[in-house]
Amino acid sequence: MMDVATVLPASRHEEEERGALLPPQPKSVRETGLELQLIVELIAKAIYLAGRTHLPILATRLRLSINVLREALEFMVAEQLTEVAWRGDADIDVQYQLTGAGMLRAAAWLERSPYQGPAPVTLEAYRALAARQSAQLGAPSAEDVEAVFGEAGLEPAVRNLIGAAMHAGRSMFLYGPPGSGKSTLARKLGRLLQGTVLVPHAVAVGQEIIQLYDPAVHLPPTVPAGAAGRSPLERRSTDARWVLCQRPVVQLGAELDEDVLDLRHDAFSGCYQAPPHCKANHGLFIVDDLGRQRVAAAQLLNRFIQPLDAGQDQLSLQGGYKFAMPFAAMLVFATNLAPQPLLDGSALRRLGYKIHVGALSEASYRVLFRQQCRAAGVALDDAGLRYLIEELHRGSGQPLLASYPREILGRIADFAGYAGQAPRLTVAALDQAWSSMFAACAPAVLEEADEALQRARAA
(Lines give C-alpha, C1' and ligand atoms only; values in the text may rest on other atoms or scores of the structure.)
Protein backbone atom coordinates (compact mmCIF):
# COMPACT_ATOMS: atom_id res chain seq x y z
CA MET A 1 0.00 0.00 0.00
CA MET A 2 1.34 3.45 -0.94
CA ASP A 3 1.35 6.02 1.85
CA VAL A 4 0.85 9.77 1.48
CA ALA A 5 4.57 10.52 1.42
CA THR A 6 5.01 8.37 -1.67
CA VAL A 7 2.90 10.67 -3.82
CA LEU A 8 4.36 14.02 -2.71
CA PRO A 9 6.48 16.08 -5.11
CA ALA A 10 10.25 16.19 -4.73
CA SER A 11 10.21 19.86 -3.77
CA ARG A 12 7.96 22.86 -3.25
CA HIS A 13 9.62 24.44 -6.28
CA GLU A 14 8.25 21.67 -8.52
CA GLU A 15 4.75 22.21 -7.16
CA GLU A 16 4.87 25.93 -7.90
CA GLU A 17 6.55 25.48 -11.28
CA ARG A 18 4.24 22.79 -12.65
CA GLY A 19 1.00 23.64 -10.86
CA ALA A 20 0.38 20.08 -9.61
CA LEU A 21 1.78 17.52 -7.20
CA LEU A 22 3.95 15.27 -9.34
CA PRO A 23 4.49 11.78 -7.92
CA PRO A 24 8.05 10.48 -8.27
CA GLN A 25 8.75 7.60 -10.57
CA PRO A 26 8.54 4.23 -8.76
CA LYS A 27 11.89 2.45 -8.81
CA SER A 28 10.64 -0.94 -7.62
CA VAL A 29 7.50 -3.04 -7.70
CA ARG A 30 6.92 -2.22 -4.05
CA GLU A 31 6.93 1.53 -4.77
CA THR A 32 4.20 1.14 -7.38
CA GLY A 33 1.86 -0.03 -4.63
CA LEU A 34 0.68 -2.83 -6.96
CA GLU A 35 0.83 -6.57 -6.49
CA LEU A 36 3.61 -8.22 -8.48
CA GLN A 37 1.04 -10.58 -10.02
CA LEU A 38 -0.88 -7.69 -11.58
CA ILE A 39 2.27 -6.29 -13.21
CA VAL A 40 3.26 -9.76 -14.44
CA GLU A 41 -0.15 -10.20 -16.07
CA LEU A 42 0.04 -6.79 -17.78
CA ILE A 43 3.52 -7.58 -19.14
CA ALA A 44 2.50 -11.04 -20.34
CA LYS A 45 -0.62 -9.75 -22.12
CA ALA A 46 1.35 -6.95 -23.80
CA ILE A 47 4.01 -9.34 -25.13
CA TYR A 48 1.37 -11.93 -26.13
CA LEU A 49 -0.40 -9.38 -28.34
CA ALA A 50 2.70 -7.65 -29.73
CA GLY A 51 5.11 -10.57 -30.00
CA ARG A 52 8.80 -10.06 -29.25
CA THR A 53 8.94 -6.69 -27.45
CA HIS A 54 11.71 -4.19 -26.83
CA LEU A 55 12.05 -3.18 -23.15
CA PRO A 56 11.66 0.62 -23.72
CA ILE A 57 8.51 -0.01 -25.80
CA LEU A 58 7.09 -2.10 -22.97
CA ALA A 59 7.84 0.74 -20.54
CA THR A 60 5.99 3.21 -22.77
CA ARG A 61 2.93 0.97 -23.13
CA LEU A 62 2.58 0.16 -19.45
CA ARG A 63 3.79 3.57 -18.14
CA LEU A 64 6.18 1.78 -15.80
CA SER A 65 9.88 2.46 -15.29
CA ILE A 66 12.62 0.23 -16.68
CA ASN A 67 13.63 -0.72 -13.12
CA VAL A 68 10.11 -1.91 -12.23
CA LEU A 69 9.84 -3.90 -15.45
CA ARG A 70 13.25 -5.52 -14.96
CA GLU A 71 12.26 -6.68 -11.50
CA ALA A 72 9.02 -8.19 -12.78
CA LEU A 73 10.68 -9.70 -15.86
CA GLU A 74 13.40 -11.33 -13.75
CA PHE A 75 10.64 -13.03 -11.81
CA MET A 76 8.94 -14.10 -15.06
CA VAL A 77 12.21 -15.50 -16.44
CA ALA A 78 12.76 -17.44 -13.22
CA GLU A 79 9.21 -18.81 -13.50
CA GLN A 80 9.91 -19.71 -17.16
CA LEU A 81 7.14 -17.44 -18.44
CA THR A 82 9.43 -15.18 -20.50
CA GLU A 83 12.91 -15.33 -21.97
CA VAL A 84 15.40 -12.90 -23.47
CA ALA A 85 14.98 -13.02 -27.25
CA TRP A 86 17.80 -10.61 -28.12
CA ARG A 87 20.27 -8.41 -26.29
CA GLY A 88 22.23 -5.41 -27.61
CA ASP A 89 25.15 -3.45 -26.22
CA ALA A 90 23.15 -1.12 -23.95
CA ASP A 91 21.50 -2.27 -20.73
CA ILE A 92 18.03 -1.35 -21.98
CA ASP A 93 18.64 -2.69 -25.49
CA VAL A 94 16.94 -6.02 -24.84
CA GLN A 95 13.90 -7.81 -26.24
CA TYR A 96 11.68 -10.30 -24.44
CA GLN A 97 9.31 -12.97 -25.66
CA LEU A 98 6.98 -15.44 -23.96
CA THR A 99 7.83 -19.07 -23.50
CA GLY A 100 5.33 -21.77 -24.38
CA ALA A 101 4.09 -21.84 -20.80
CA GLY A 102 3.95 -18.05 -20.81
CA MET A 103 1.79 -18.06 -23.95
CA LEU A 104 -0.71 -20.36 -22.28
CA ARG A 105 -0.83 -18.27 -19.10
CA ALA A 106 -1.14 -14.99 -21.02
CA ALA A 107 -4.03 -16.36 -23.10
CA ALA A 108 -5.84 -17.38 -19.93
CA TRP A 109 -5.24 -13.96 -18.34
CA LEU A 110 -6.53 -12.21 -21.48
CA GLU A 111 -9.68 -14.32 -21.45
CA ARG A 112 -10.31 -13.46 -17.82
CA SER A 113 -9.49 -9.73 -18.23
CA PRO A 114 -8.74 -8.25 -21.66
CA TYR A 115 -7.40 -5.01 -20.15
CA GLN A 116 -4.02 -4.16 -21.69
CA GLY A 117 -3.63 -0.43 -21.04
CA PRO A 118 -1.29 1.51 -18.75
CA ALA A 119 -0.63 0.10 -15.30
CA PRO A 120 -3.07 1.52 -12.73
CA VAL A 121 -2.30 3.38 -9.53
CA THR A 122 -3.70 2.15 -6.24
CA LEU A 123 -6.94 3.56 -4.90
CA GLU A 124 -5.05 4.69 -1.79
CA ALA A 125 -2.55 6.66 -3.91
CA TYR A 126 -5.38 8.34 -5.84
CA ARG A 127 -7.18 9.30 -2.63
CA ALA A 128 -4.02 10.76 -1.11
CA LEU A 129 -3.08 12.79 -4.17
CA ALA A 130 -6.68 13.95 -4.73
CA ALA A 131 -6.81 15.27 -1.16
CA ARG A 132 -3.56 17.17 -1.62
CA GLN A 133 -4.71 18.64 -4.93
CA SER A 134 -8.00 19.83 -3.42
CA ALA A 135 -6.06 21.74 -0.79
CA GLN A 136 -3.68 23.48 -3.21
CA LEU A 137 -5.96 24.51 -6.10
CA GLY A 138 -6.48 28.25 -6.42
CA ALA A 139 -9.68 30.26 -6.76
CA PRO A 140 -10.49 32.93 -9.38
CA SER A 141 -10.31 36.62 -8.56
CA ALA A 142 -12.65 39.44 -9.53
CA GLU A 143 -10.19 40.30 -12.32
CA ASP A 144 -10.44 36.75 -13.67
CA VAL A 145 -14.25 36.92 -13.74
CA GLU A 146 -14.12 40.28 -15.49
CA ALA A 147 -11.69 38.91 -18.09
CA VAL A 148 -14.01 35.98 -18.92
CA PHE A 149 -17.41 37.65 -18.68
CA GLY A 150 -16.67 41.37 -18.97
CA GLU A 151 -17.62 41.59 -22.66
CA ALA A 152 -20.33 38.95 -22.60
CA GLY A 153 -23.09 41.38 -21.69
CA LEU A 154 -23.56 39.66 -18.34
CA GLU A 155 -25.11 41.86 -15.68
CA PRO A 156 -22.71 42.91 -12.87
CA ALA A 157 -24.91 41.33 -10.19
CA VAL A 158 -24.77 37.98 -12.00
CA ARG A 159 -20.99 38.26 -12.39
CA ASN A 160 -20.63 38.89 -8.66
CA LEU A 161 -22.72 35.83 -7.79
CA ILE A 162 -20.67 33.65 -10.15
CA GLY A 163 -17.41 34.98 -8.76
CA ALA A 164 -18.44 34.32 -5.15
CA ALA A 165 -19.62 30.79 -5.97
CA MET A 166 -16.43 29.92 -7.86
CA HIS A 167 -14.24 31.45 -5.17
CA ALA A 168 -15.95 29.31 -2.52
CA GLY A 169 -16.13 26.21 -4.75
CA ARG A 170 -19.87 25.88 -4.09
CA SER A 171 -22.64 24.53 -6.32
CA MET A 172 -24.67 26.79 -8.59
CA PHE A 173 -28.26 26.71 -9.78
CA LEU A 174 -28.71 28.73 -12.98
CA TYR A 175 -32.32 29.37 -13.97
CA GLY A 176 -34.07 31.60 -16.46
CA PRO A 177 -35.94 31.60 -19.79
CA PRO A 178 -34.73 29.68 -22.86
CA GLY A 179 -32.17 31.68 -24.79
CA SER A 180 -30.87 33.63 -21.82
CA GLY A 181 -27.44 32.04 -22.20
CA LYS A 182 -27.34 29.67 -19.21
CA SER A 183 -25.67 26.79 -21.07
CA THR A 184 -23.06 29.08 -22.63
CA LEU A 185 -22.44 30.69 -19.25
CA ALA A 186 -22.01 27.28 -17.61
CA ARG A 187 -19.44 26.19 -20.19
CA LYS A 188 -17.50 29.45 -19.79
CA LEU A 189 -17.15 28.77 -16.07
CA GLY A 190 -14.45 26.26 -16.96
CA ARG A 191 -12.22 29.16 -18.03
CA LEU A 192 -12.24 30.34 -14.40
CA LEU A 193 -10.76 27.10 -13.07
CA GLN A 194 -7.26 27.77 -11.77
CA GLY A 195 -4.27 25.45 -12.06
CA THR A 196 -3.78 21.92 -13.37
CA VAL A 197 -4.47 18.49 -11.91
CA LEU A 198 -3.03 15.01 -12.15
CA VAL A 199 -5.33 12.25 -13.35
CA PRO A 200 -4.37 8.56 -13.26
CA HIS A 201 -4.82 6.53 -16.41
CA ALA A 202 -6.51 3.88 -14.29
CA VAL A 203 -7.13 2.92 -10.67
CA ALA A 204 -6.82 -0.58 -9.21
CA VAL A 205 -9.53 -1.69 -6.78
CA GLY A 206 -8.60 -5.17 -5.62
CA GLN A 207 -8.24 -7.24 -8.79
CA GLU A 208 -10.38 -4.87 -10.86
CA ILE A 209 -9.20 -1.90 -12.93
CA ILE A 210 -11.19 1.34 -13.36
CA GLN A 211 -10.25 3.54 -16.30
CA LEU A 212 -10.42 7.19 -15.21
CA TYR A 213 -8.44 9.18 -17.76
CA ASP A 214 -10.55 10.30 -20.73
CA PRO A 215 -8.76 12.33 -23.46
CA ALA A 216 -12.07 13.95 -24.43
CA VAL A 217 -12.44 15.33 -20.88
CA HIS A 218 -8.89 15.59 -19.56
CA LEU A 219 -7.23 18.09 -21.89
CA PRO A 220 -3.49 18.84 -21.87
CA PRO A 221 -2.39 22.02 -20.07
CA THR A 222 -2.12 25.19 -22.10
CA VAL A 223 1.47 26.17 -22.75
CA PRO A 224 2.33 29.71 -21.57
CA ALA A 225 3.89 32.10 -24.07
CA GLY A 226 7.65 31.60 -24.25
CA ALA A 227 7.50 28.18 -22.58
CA ALA A 228 7.07 26.03 -25.69
CA GLY A 229 10.49 24.46 -25.27
CA ARG A 230 9.86 23.24 -21.73
CA SER A 231 8.06 20.04 -20.85
CA PRO A 232 5.69 20.41 -17.86
CA LEU A 233 6.29 16.84 -16.85
CA GLU A 234 9.75 15.24 -16.72
CA ARG A 235 8.89 11.61 -17.40
CA ARG A 236 12.30 10.37 -16.32
CA SER A 237 11.69 11.54 -12.77
CA THR A 238 7.91 11.32 -12.36
CA ASP A 239 5.32 8.56 -12.39
CA ALA A 240 4.04 8.25 -15.99
CA ARG A 241 0.86 6.51 -14.79
CA TRP A 242 -0.45 10.02 -14.07
CA VAL A 243 -1.40 12.61 -16.70
CA LEU A 244 -1.11 16.35 -16.11
CA CYS A 245 -4.34 18.00 -17.34
CA GLN A 246 -6.44 21.10 -17.31
CA ARG A 247 -9.14 20.95 -14.67
CA PRO A 248 -11.98 19.03 -16.36
CA VAL A 249 -15.43 20.22 -17.41
CA VAL A 250 -18.12 17.56 -17.96
CA GLN A 251 -21.57 18.53 -19.22
CA LEU A 252 -24.61 16.26 -19.47
CA GLY A 253 -28.20 17.07 -20.36
CA ALA A 254 -31.46 15.20 -20.72
CA GLU A 255 -29.61 11.92 -21.35
CA LEU A 256 -28.50 11.81 -17.71
CA ASP A 257 -30.09 9.10 -15.59
CA GLU A 258 -29.10 7.11 -12.51
CA ASP A 259 -27.38 4.36 -14.53
CA VAL A 260 -25.01 6.91 -16.10
CA LEU A 261 -23.72 7.74 -12.61
CA ASP A 262 -22.69 4.14 -11.88
CA LEU A 263 -19.55 2.23 -12.81
CA ARG A 264 -19.89 0.62 -16.24
CA HIS A 265 -18.07 -2.61 -16.96
CA ASP A 266 -16.77 -2.76 -20.53
CA ALA A 267 -16.44 -6.39 -21.54
CA PHE A 268 -14.39 -5.47 -24.63
CA SER A 269 -11.66 -3.57 -22.75
CA GLY A 270 -11.90 -5.78 -19.66
CA CYS A 271 -12.14 -2.89 -17.20
CA TYR A 272 -14.65 -0.54 -15.63
CA GLN A 273 -15.28 2.95 -16.97
CA ALA A 274 -15.51 5.64 -14.29
CA PRO A 275 -18.82 7.55 -14.29
CA PRO A 276 -18.75 11.09 -15.72
CA HIS A 277 -19.00 12.90 -12.37
CA CYS A 278 -15.87 11.07 -11.17
CA LYS A 279 -14.04 12.11 -14.34
CA ALA A 280 -14.99 15.70 -13.41
CA ASN A 281 -13.11 15.50 -10.10
CA HIS A 282 -11.40 18.84 -9.28
CA GLY A 283 -13.38 20.48 -12.08
CA LEU A 284 -16.96 21.27 -13.08
CA PHE A 285 -19.85 18.85 -13.46
CA ILE A 286 -22.67 20.58 -15.35
CA VAL A 287 -26.21 19.20 -15.47
CA ASP A 288 -27.99 21.08 -18.26
CA ASP A 289 -31.77 21.11 -18.83
CA LEU A 290 -32.47 20.06 -15.23
CA GLY A 291 -35.98 18.68 -15.02
CA ARG A 292 -35.83 17.05 -18.46
CA GLN A 293 -34.08 13.91 -17.25
CA ARG A 294 -35.83 10.62 -16.63
CA VAL A 295 -34.94 10.92 -12.96
CA ALA A 296 -36.62 13.55 -10.78
CA ALA A 297 -34.63 16.74 -10.18
CA ALA A 298 -34.81 16.39 -6.38
CA GLN A 299 -33.65 12.79 -6.61
CA LEU A 300 -30.77 13.81 -8.84
CA LEU A 301 -29.76 16.54 -6.44
CA ASN A 302 -29.89 14.16 -3.47
CA ARG A 303 -27.63 11.78 -5.40
CA PHE A 304 -24.82 14.37 -5.23
CA ILE A 305 -25.28 16.30 -1.98
CA GLN A 306 -23.90 13.68 0.41
CA PRO A 307 -20.88 12.78 -1.80
CA LEU A 308 -20.07 16.49 -2.09
CA ASP A 309 -20.19 16.93 1.66
CA ALA A 310 -18.03 13.83 2.19
CA GLY A 311 -15.62 14.55 -0.67
CA GLN A 312 -16.09 11.01 -2.00
CA ASP A 313 -18.72 8.92 -3.75
CA GLN A 314 -19.64 5.32 -3.00
CA LEU A 315 -19.40 3.09 -6.07
CA SER A 316 -20.03 -0.64 -6.49
CA LEU A 317 -18.32 -3.34 -8.54
CA GLN A 318 -20.37 -6.05 -10.22
CA GLY A 319 -19.89 -8.45 -7.34
CA GLY A 320 -21.35 -5.91 -4.90
CA TYR A 321 -18.06 -4.71 -3.40
CA LYS A 322 -18.39 -1.02 -2.44
CA PHE A 323 -15.58 1.49 -2.24
CA ALA A 324 -15.14 5.27 -2.02
CA MET A 325 -13.88 7.26 -5.01
CA PRO A 326 -12.68 10.88 -4.54
CA PHE A 327 -15.30 13.44 -5.60
CA ALA A 328 -14.52 17.15 -5.30
CA ALA A 329 -16.19 18.65 -8.37
CA MET A 330 -18.24 21.83 -8.41
CA LEU A 331 -21.85 21.16 -9.44
CA VAL A 332 -23.66 23.49 -11.83
CA PHE A 333 -27.36 22.93 -12.57
CA ALA A 334 -29.04 24.86 -15.41
CA THR A 335 -32.76 24.88 -16.17
CA ASN A 336 -35.43 26.75 -18.11
CA LEU A 337 -38.03 25.77 -15.50
CA ALA A 338 -39.07 27.76 -12.46
CA PRO A 339 -37.15 26.69 -9.32
CA GLN A 340 -40.08 26.23 -6.91
CA PRO A 341 -42.09 23.58 -8.83
CA LEU A 342 -38.84 21.82 -9.72
CA LEU A 343 -37.33 21.56 -6.22
CA ASP A 344 -38.85 21.92 -2.77
CA GLY A 345 -37.57 24.44 -0.24
CA SER A 346 -35.27 21.94 1.43
CA ALA A 347 -33.62 20.96 -1.85
CA LEU A 348 -33.15 24.60 -2.87
CA ARG A 349 -31.51 25.42 0.45
CA ARG A 350 -28.96 22.67 -0.13
CA LEU A 351 -27.81 24.30 -3.36
CA GLY A 352 -25.06 26.84 -2.88
CA TYR A 353 -25.91 29.81 -5.13
CA LYS A 354 -29.20 30.39 -6.92
CA ILE A 355 -28.51 32.63 -9.93
CA HIS A 356 -31.25 34.02 -12.18
CA VAL A 357 -30.06 34.51 -15.75
CA GLY A 358 -32.72 36.59 -17.47
CA ALA A 359 -33.04 39.34 -20.05
CA LEU A 360 -30.16 41.78 -20.41
CA SER A 361 -30.40 45.49 -19.85
CA GLU A 362 -30.41 47.57 -23.01
CA ALA A 363 -26.87 48.74 -22.31
CA SER A 364 -25.59 45.19 -21.82
CA TYR A 365 -27.44 44.00 -24.93
CA ARG A 366 -25.77 46.74 -26.98
CA VAL A 367 -22.33 45.76 -25.65
CA LEU A 368 -22.96 42.10 -26.49
CA PHE A 369 -24.31 42.90 -29.96
CA ARG A 370 -21.25 45.00 -30.78
CA GLN A 371 -18.99 42.18 -29.62
CA GLN A 372 -20.87 39.66 -31.76
CA CYS A 373 -20.65 41.98 -34.79
CA ARG A 374 -16.85 42.02 -34.43
CA ALA A 375 -16.76 38.24 -34.07
CA ALA A 376 -19.01 37.72 -37.12
CA GLY A 377 -17.19 40.28 -39.27
CA VAL A 378 -20.35 42.36 -39.75
CA ALA A 379 -19.91 46.14 -39.74
CA LEU A 380 -21.88 47.69 -36.89
CA ASP A 381 -24.55 50.14 -37.90
CA ASP A 382 -25.95 52.14 -34.98
CA ALA A 383 -29.17 52.84 -36.82
CA GLY A 384 -29.65 49.14 -37.47
CA LEU A 385 -28.98 48.27 -33.81
CA ARG A 386 -31.42 50.98 -32.70
CA TYR A 387 -34.06 49.55 -35.08
CA LEU A 388 -33.48 46.05 -33.69
CA ILE A 389 -34.04 47.17 -30.10
CA GLU A 390 -36.71 49.82 -30.48
CA GLU A 391 -38.79 48.34 -33.29
CA LEU A 392 -38.26 44.59 -33.36
CA HIS A 393 -37.75 43.78 -29.67
CA ARG A 394 -40.09 46.37 -28.19
CA GLY A 395 -42.62 46.02 -30.99
CA SER A 396 -42.93 42.28 -30.49
CA GLY A 397 -42.31 42.13 -26.73
CA GLN A 398 -39.37 39.78 -27.20
CA PRO A 399 -36.93 40.18 -24.26
CA LEU A 400 -33.29 41.13 -24.79
CA LEU A 401 -31.85 37.65 -24.35
CA ALA A 402 -28.15 36.85 -24.66
CA SER A 403 -28.61 34.24 -27.41
CA TYR A 404 -30.29 36.61 -29.87
CA PRO A 405 -27.33 38.69 -31.17
CA ARG A 406 -25.36 35.66 -32.35
CA GLU A 407 -28.48 34.05 -33.82
CA ILE A 408 -29.60 37.20 -35.65
CA LEU A 409 -26.16 37.90 -37.09
CA GLY A 410 -25.77 34.28 -38.09
CA ARG A 411 -29.01 34.42 -40.09
CA ILE A 412 -28.04 37.71 -41.71
CA ALA A 413 -24.82 36.02 -42.82
CA ASP A 414 -26.80 33.00 -44.09
CA PHE A 415 -29.12 35.09 -46.27
CA ALA A 416 -26.26 37.26 -47.53
CA GLY A 417 -24.13 34.25 -48.41
CA TYR A 418 -27.04 32.68 -50.28
CA ALA A 419 -27.46 35.91 -52.28
CA GLY A 420 -23.73 36.14 -52.94
CA GLN A 421 -23.40 39.38 -50.98
CA ALA A 422 -21.49 40.60 -47.96
CA PRO A 423 -23.59 40.63 -44.76
CA ARG A 424 -24.86 44.09 -43.80
CA LEU A 425 -26.84 45.30 -40.82
CA THR A 426 -29.77 46.82 -42.70
CA VAL A 427 -33.44 47.11 -41.76
CA ALA A 428 -34.37 44.64 -44.51
CA ALA A 429 -31.73 42.15 -43.36
CA LEU A 430 -32.86 42.46 -39.73
CA ASP A 431 -36.52 41.96 -40.71
CA GLN A 432 -35.61 38.88 -42.72
CA ALA A 433 -33.57 37.35 -39.90
CA TRP A 434 -36.18 38.21 -37.27
CA SER A 435 -39.12 36.70 -39.16
CA SER A 436 -37.13 33.50 -39.79
CA MET A 437 -36.42 33.18 -36.04
CA PHE A 438 -39.92 33.64 -34.70
CA ALA A 439 -42.08 32.32 -37.55
CA ALA A 440 -43.85 35.67 -37.61
CA CYS A 441 -43.63 38.83 -39.61
CA ALA A 442 -41.51 41.67 -38.29
CA PRO A 443 -43.37 44.88 -37.28
CA ALA A 444 -42.22 46.76 -40.41
CA VAL A 445 -43.55 43.95 -42.62
CA LEU A 446 -46.84 43.96 -40.74
CA GLU A 447 -47.17 47.72 -41.16
CA GLU A 448 -46.58 47.46 -44.90
CA ALA A 449 -49.21 44.71 -45.16
CA ASP A 450 -51.67 46.79 -43.15
CA GLU A 451 -51.07 49.86 -45.37
CA ALA A 452 -51.62 47.75 -48.49
CA LEU A 453 -54.88 46.45 -47.05
CA GLN A 454 -56.05 49.99 -46.26
CA ARG A 455 -55.24 51.14 -49.81
CA ALA A 456 -57.13 48.18 -51.25
CA ARG A 457 -60.20 48.98 -49.15
CA ALA A 458 -60.09 52.67 -50.14
CA ALA A 459 -59.94 51.70 -53.81
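Residues numbered from 1 in each chain as written. Predicted model: local features only at pLDDT ≥ 70, side-chain atom pairs only at ≥ 80, totals over all residues. Heavy atoms only, no water.

Caption draft 1: Region of interest: the overall build of the protein. Secondary structure assignment for the protein yields 19 helices and 17 strands. Expressed as a percentage of its 459 residues, the buried residues of the protein come to 46%. Residue pairs in contact within the protein that sit at least 24 positions apart in sequence constitute 73% of those at least 6 positions apart. Carbon and sulfur atoms form 50% of the exposed surface of the protein, whose accessible area is close to 22400 Å². (Helix = DSSP H or I, 4+ residues; strand = E, 2+ residues; numbered from the N terminus. Buried < 20%, exposed > 50% of the residue type's maximum accessible area, 1.4 Å probe, protein only. Contact = heavy atoms within 4.5 Å. Areas by Shrake-Rupley, 256 points an atom, 1.4 Å probe, with all protein chains shown as cover.)

Caption draft 2: Local environment of the pattern of salt bridges. Evaluated as defined, the whole model comprises nine salt bridges. Linking Asp214 and Lys279 is a salt bridge whose minimum nitrogen-to-oxygen distance equals 3.1 Å. Taken together, the positions of Asp214 in the loop between strand S8 (208-211) and strand S9 (242-246) and Lys279 in helix H11 (residues 276-279) put the pair 65 residues apart, joining distant regions of the chain. No difference in accessibility class separates Asp214 from Lys279, as the two residues are buried. Arg303 is paired through a salt bridge with Asp313; the nearest N and O atoms lie 2.9 Å apart. (Salt bridge = Lys/Arg side-chain N within 4 Å of Asp/Glu carboxyl O.)

Caption draft 3: Just empty space enclosed by the protein, in detail. Within the structure shown, the criterion is met by two cavities of 30 Å³ or more. The space that makes up the largest cavity amounts to roughly 70 Å³. Lining the largest cavity are Tyr126, Gln133, Val197, Leu198, Val199, Pro200, Leu212, His218, Cys278, Lys279, Asn281 and His282. At four residues, strand S6 (residues 196-200) tops the list of elements feeding residues into the lining of the largest cavity. The residue makeup of the lining of the largest cavity, split by class, is seven nonpolar, four polar and one charged. Approximately 30 Å³ is the volume attributed to the second largest cavity. Contributing to the lining of the second largest cavity are Gln25, Pro26, Arg63, Leu64, Ser65, Thr238, Asp239 and Ala240. (1 Å grid on protein atoms, 1.4 Å probe; cavity = no way out; pocket = protein on both sides within 12 Å on 5 of 7 lines; lining within 4 Å. Points joined across faces, edges and corners; volume = space filled by probe spheres on them. Nonpolar A, V, L, I, M, F, W, Y, C, P; charged D, E, K, R; others polar.)

Caption draft 4: Focus on the environment of Phe333. Inspection of the secondary structure assignment puts Phe333 in strand S16 (residues 330-335). Residue class for Phe333 comes out buried when judged on its relative accessible area of 2%. For the pair Phe333 and Ser183, spaced 150 residues apart in the sequence, the C-alpha separation amounts to 9.5 Å. Sequence-distant contacts of Phe333, that is, excluding residues within four places in its chain, are made with Met172, Phe173, Leu174, Val287, Leu290, Leu301, Phe304 and Leu351.

Caption draft 5: Fine view of the environment of Phe268. Its location among the elements puts Phe268 in the loop between strand S11 (264-266) and strand S12 (271-273). Placed 154 residues apart in sequence, Phe268 and Pro114 show a C-alpha to C-alpha distance of 7.0 Å.

Caption draft 6: The arrangement of the sheet that holds strand S5 (residues 172-175) in detail. Ordered by their spatial adjacency, five strands build an open sheet running S10-S13-S16-S5-S17, and the pairing between neighbours is parallel. Edge positions in the sheet fall to strand S10 (249-252) and strand S17 (353-356), since each has one partner strand and no second. Across the sheet, the axes of successive neighbouring strands diverge by a mean angle of 15°, strand direction being ignored. Relative to S16, S5 is paired through four bridges, and the arrangement is parallel. Note on S16: the bridge partner recorded for Tyr175 is Thr335. Running over the sheet, helix H9 (residues 156-168) touches S5, strand S13 (284-287), S16 and S17 and is turned about 155° from S17. In the packing of helix H12 (residues 297-310) onto the sheet, the strands contacted are S13 and S16, and the crossing angle to S16 comes to about 165°. (Pairing = 2+ DSSP bridges. Axes fitted to C-alpha atoms, helices over the stretch in contact; angles between N-to-C directions.)

Caption draft 7: Region of interest: the environment of Asp214. Using a relative accessible area of 19% as the deciding quantity, one classes Asp214 as buried. Each C-alpha atom, one on Asp214 and one on Gln273, is 9.5 Å from the other, the two residues being 59 residues apart in sequence.

Caption draft 8: Fine view of the packing of helix H16 (residues 382-396) against helix H18 (residues 427-438). Between H16 and H18, whose axes approach to 10 Å, the crossing angle comes to 35°. Note that H16 runs across H18; the crossing there is right-handed. Between H16 and H18, the contacting residues are Gly384, Tyr387, Leu388, Leu392, His393 and Ser396 on the first element and Val427, Leu430, Asp431 and Trp434 on the second. Here the contact of H16 with H18 is built from residues that sort into six nonpolar, three polar and one charged. (Left-handed = near helix turned anticlockwise from the far one by under 90°.)

Caption draft 9: Seen up close, the nonpolar core. In terms of nonpolar packing, the biggest core is built from 32 residues, with Ile39, Ile43, Leu58, Leu69 and Leu73 touching the most fellow members. The set of elements that each furnish at least two residues to this core consists of helix H3 (36-50), helix H4 (55-62), helix H5 (66-78), strand S3 (94-98), helix H6 (100-112) and strand S7 (202-205). The greatest single-element share of this core, amounting to eight residues, is contributed by H3. In this view, Ile39 contacts Val29, Thr32, Leu34, Leu64, Val68 and Ala72; residues no more than four positions away in its chain are not counted. Core analysis: the next-biggest nonpolar cluster, separate from the first, contains 27 residues, Val199, Val205, Cys245 and Cys278 among them. (Core = buried A, V, L, I, M, F, W, Y, C linked by side-chain atoms within 4.5 Å.)

Caption draft 10: How the structure looks around the sheet that holds S8. Taking strand neighbours across the sheet as the criterion, the five strands line up as S4-S7-S8-S12-S11 in an open arrangement whose pairing is mixed. Each edge of the sheet is formed by a strand with only one pairing partner; in this case those strands are strand S4 (121-122) and S11. By the bridge criterion, two bridges tie S8 to S12 in an arrangement that is parallel. Following the sheet pairing, Ile210 is matched in S12 by Tyr272.

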